[in-house]
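Examination of the molecular architecture
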Amino acid sequence: MQKEIEGIIIKEIPYGETSKIIHVYTKDGVVGIMCKGAKTLKSPFRATTLKFTYGRFNIYYKENKLSTLASVDIINPLSTLKNDIILLSYLNYLTELTEQVIKQSTENIYEDFITTILKINDGLDPIIMCNILEIKFLDYLGVGLNLDACIGCGSTTNIITIDGDRGGYICQKCFQDEIIVEPKTIELLRMYYYVEIKSISKLKISEKIKDEINRFLDTYYDRYTGLYLKSKNFLKKLI
């Protein structure tokens, strides 16, 4: 049965001397596709079956088996991302993180993932977009943030800071010796969680607040998710 699927290649696996298998992430999950002869110099698939190709894949579909590639139509070449080492590192990290999330959750996160990538490719701040997706993924990883109350006593008033090690908001009564963040940082953390990614068109956030949110999420992910991603460590060295 011939079928067209939209997706992005998240993995390439060599197969024999001339072929490869690609894993394409779609709204219906990951689809394995055999690309016959794709490694040969004259193959039309050589350039269109590389990792991070985002397109429409026309395939001979086989349920629960490897499908076979018939053709590829590129939706967006993601040129901005692929031609900048830092942006490419964000793409690599977000892809690896998404792979971990879909292993642990049946929820459909494809649209959020693709939209985040496209927003970064269009020039929106990669740290902000990355952090927004990271916050949304926490629920699917089973360690979602409580954004309504103090992590210590449950109070919804007098929230004065956030702390990644303690796991969330901290009120004045439960404050110990944590770093005090800007009030705007606390406010934007909630906004990051509730905003629809597709609706984001403009972002103006100070470097200090970006750093505070990013530091909080780095610490929270390290302490509560159990994930160790090489791509995240590489990204930290670049930014």
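Note that this is a predicted model, so its numbers are computed, not measured.

Another aspect to go through is the packing of aromatic side chains. Scanning all chains against the criterion turns up six aromatic pairs. Judged by centre distance (4.8 Å) and plane angle (90°), the rings of Y193 and Y194 are edge-to-face. Above the ring of Y61, the side-chain terminus of K3 is found at 4.2 Å from the ring centroid.

Scanning the model with the defined rule gives zero disulfides in all. C174 takes part in no disulfide bond, and the closest cysteine sulfur, belonging to C153, lies 3.7 Å away.

I8, L97, F113, I132, L189 and Y192 are the most contacted members of the largest nonpolar core, which totals 54 residues. Those elements that place two or more of their residues in this core are β1 (2-15), α2 (85-104), α3 (110-121), α4 (126-140), α5 (183-194) and α6 (207-224). A total of nine residues in this core trace back to one element, the largest contributor, which is α4. Once residues lying within four places of it in the same chain are set aside, the contact partners of I8 are H23, V24, Y25, F52, T53, Y54, L78, F113, I114 and I117. If you look at the next biggest cluster of nonpolar residues, it comprises 13 residues, including I22, V24, C35 and L69.

With that settled, the discussion passes to the sheet that holds β1. Within the closed barrel, the five strands sit side by side as β1-β2-β3-β5-β4. Their pairing is mixed. Strand-to-strand twist in this sheet, taken as the mean axis angle between neighbours without regard to direction, amounts to 50°. Running at roughly 110° to β1, α2 makes contact with β1, β2 (19-26) and β3 (29-35) of the sheet. Here α3 sits on the sheet and contacts β1, β2, β4 (54-60) and β5 (67-76); the angle it forms with β1, its principal contact strand, is near 75°.

Glancing now at the packing of α5 against α6. Put simply, α5 and α6 touch, their axes get as near as 10 Å, and they point 60° apart. Classified by the angle between their axes, α5 and α6 sit oblique to one another. The interaxial crossing formed by α5 with α6 has right-handed handedness. Seen from α5, the contacting residues are K184, T185, L188, L189 and Y192; seen from α6, they are I209, E212, I213 and F216. Looking at the contact of α5 with α6 residue by residue, the class counts come to six nonpolar, one polar and two charged.

A surface patch of negative charge is lined by E4, E6, D73 and E111. Along the chain, E6 turns up in strand β1. What makes E6 partly exposed here is its relative accessible area of 32%.

Parameters at a glance
Residues numbered from 1 in each chain as written. Predicted model: local features only at pLDDT ≥ 70, side-chain atom pairs only at ≥ 80, totals over all residues. Heavy atoms only, no water. Phe/Tyr/Trp six-rings, centres within 6.5 Å; stacked < 30°, edge-to-face > 60°. Lys NZ or Arg CZ within 6 Å of the ring centre and 35° of its normal. Disulfide = S-S within 2.5 Å. Core = buried A, V, L, I, M, F, W, Y, C linked by side-chain atoms within 4.5 Å. Buried < 20%, exposed > 50% of the residue type's maximum accessible area, 1.4 Å probe, protein only. Helix = DSSP H or I, 4+ residues; strand = E, 2+ residues; numbered from the N terminus. Contact = heavy atoms within 4.5 Å. Pairing = 2+ DSSP bridges. Axes fitted to C-alpha atoms, helices over the stretch in contact; angles between N-to-C directions. Parallel < 35°, antiparallel > 145°, perpendicular 65-115°, else oblique. Left-handed = near helix turned anticlockwise from the far one by under 90°. Nonpolar A, V, L, I, M, F, W, Y, C, P; charged D, E, K, R; others polar. Patch = residues over 30% accessible without salt bridge, like charges linked within 9 Å, V, L, I, M, F, W, Y side chains within 5 Å. Areas by Shrake-Rupley, 256 points an atom, 1.4 Å probe, with all protein chains shown as cover. Salt bridge = Lys/Arg side-chain N within 4 Å of Asp/Glu carboxyl O. Lys, Arg positive; Asp, Glu negative; His and termini not counted. Charge placed at Lys NZ, Arg CZ, Asp CG, Glu CD.

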